[in-house]
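Secondary and tertiary structure notes
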Amino acid sequence: MKYRTIGTGPHSRRVSVLALGAMLFGSVTDEKTSFALLDRYVEAGGNFIDTSDNYAFWADGGQGGQSEELLGRWRRSRGAGDEIVFATKLGARPLAPGTSYTDNAEGLSAKVIRESSERSRERLGLERLDLLYAHIDDHTVPQRETVEGFGELVAEGTVGLLGVSNQAVWRVERARALAAAAGLPGYEVLQYQHSYLRPRADVPDDLFPDGGLGHAGAELAGYLRAEPALTLVAYSPLLKGAYARPERLPGDYDHPGTPARLAVLHEVARETGATPGQVVLAWQLGHELPILPLAGVSSLAQLEENLAAVDLELSAEQRARLDAAH
């Protein structure tokens, strides 16, 4: 395994370059399988595990919490300590069963930030959350209130690093500027969808009526270049298995650039003897920007394939070809 430091100051952490997504652990993925995946990941040197307080509410029409609860049981049964870095999120938990984050999200008020973080710590069995994200934006609450709410938790020692996901870059920068002006900790880890294939950015959905803000596009890349202390945690790097099963590719990837990039990707895969998915992960891991892929798995075979990508080295020429395809 290889490692990278995320964050700055006293709460920075050294994490494995491949993060493990636990979104479906405890719901779609049963406990025995989830425990086996966690055990193997840690055995291979992995120490960066990602979840959320709303995972996986859609599995049973509830409000989530199954993933955090399972991770808490695994932690206690294995005696896991501070060597494992747990990241969780708040803000997108449905306020009632049968609803969703698009119509009834908990939001980012100071009250929610405190109460939701306390519930997450209880489920995970942690005195401190290593990394806490604002999962989605909340335009109904003043950003200053959100910034101060997160800052209070860091000051109290119940949260280490702060992160943000699925927000417009201008909103992220505004929140960070508010925090800096007030002498409070700001977001240092950005979690957005990022992969080798690029989606159209103008396709609206229920959460993003103006187009997908959850994808790490050109604006976010420029932000990372300008702010080298930030880290991008890239969720869904393998597009939910679409590199192995193209029929799973979402509709917003249906544009002329996709076939060209897939052709080069498969060329490099043949040259290296790796799978396309492994090439994607290796491309991210060797990127000039600080990118940590966050991949969820449901089987040991998938996990082993992802772990092997950590040691896959792409040549400068291969990387140039991958980057140039469009």
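Check the entry above for the structure.
For every chain, the first residue of its written sequence is number 1, and the numbers climb from 1 along that sequence. Only residues with pLDDT of 70 or above have their local features reported here, since the model is predicted, and side-chain atom pairs are shown and tallied only from 80 upward, although totals for entire chains, interfaces and linings are computed over all residues. As a convention, hydrogens and water are excluded, and side-chain values are obtained from all of the structure's heavy atoms.

In this section: the packing of aromatic side chains. Note on ring pairs: Phe, Tyr and Trp rings are taken, using the six-membered ring of Trp, and paired if centres are within 6.5 Å. Classes follow the plane angle, with under 30 degrees stacked, over 60 edge-to-face and the rest tilted. Counting across every chain of the model gives 5 aromatic pairs. Between the aromatic rings of Phe57 and Trp58, the centroid separation amounts to 5.1 Å while the plane-to-plane angle is 80°, which identifies the pairing as edge-to-face. According to the relative accessible area criterion, Phe57 is buried, its value standing at 7%. Three labels apply to residues, based on accessible area from a 1.4 Å probe with only protein chains included: buried if under 20% of the type maximum, exposed if over 50%, partly exposed otherwise in between. A relative accessible area of 40% means that Trp58 is categorised as partly exposed. A ring pair is formed by Tyr196 and Trp283, whose centres lie 5.2 Å apart and whose planes are at 80°; its orientation type is edge-to-face. With Tyr196 in the loop between strand E8 (189–193) and helix H7 (218–226) and Trp283 in helix H9 (residues 276–285), this residue pair connects regions lying 87 residues apart in the sequence. According to the relative accessible area criterion, Tyr196 is buried, its value standing at 1%. Here Trp283 falls in the buried class, since its relative accessible area comes to 5%. By way of ring pairs, the aromatic residues Tyr55, Phe57, Trp58 and Tyr101 are connected into one cluster. Criterion for a charge above a ring: Arg CZ or Lys NZ at most 6 Å from the ring centre, at most 35 degrees from the ring normal. The cationic tip of Arg261 hangs over the ring face of Tyr196; the distance from NZ or CZ to the ring centre is 3.9 Å. Starting at the N terminus, helices and strands are each numbered in turn, a helix being any DSSP run of H or I of at least four residues and a strand any DSSP run of E of at least two.

So, about the sheet that holds strand E3 (residues 19–21). The pairing criterion for strands is at least two bridges between them, as found by DSSP. Taking strand neighbours around the barrel as the criterion, the 8 strands line up as E3-E4-E5-E6-E7-E8-E9-E10 in a closed arrangement whose pairing is parallel. Strand-to-strand twist across the sheet, computed as the mean angle between neighbouring axes with direction ignored, equals 30°. As judged from the 4 bridges shared by strand E9 (residues 231–235) and strand E10 (residues 291–296), these two strands associate in the parallel manner. Across the sheet, the residue bridging to Val233 is Leu292, located in E10. Note on definitions: a residue-residue contact is assigned when non-hydrogen atoms from the two residues lie within 4.5 Å. Axis angles are defined between N-to-C directions and span 0 to 180 degrees, where every axis is a line fitted to C-alpha atoms and, for a helix, only to the segment in contact. Across the face of the sheet, H9 comes into contact with E9 and E10 while running at roughly 150° to E10.

All quantities given are derived from atomic positions and should not be read as evidence of function.
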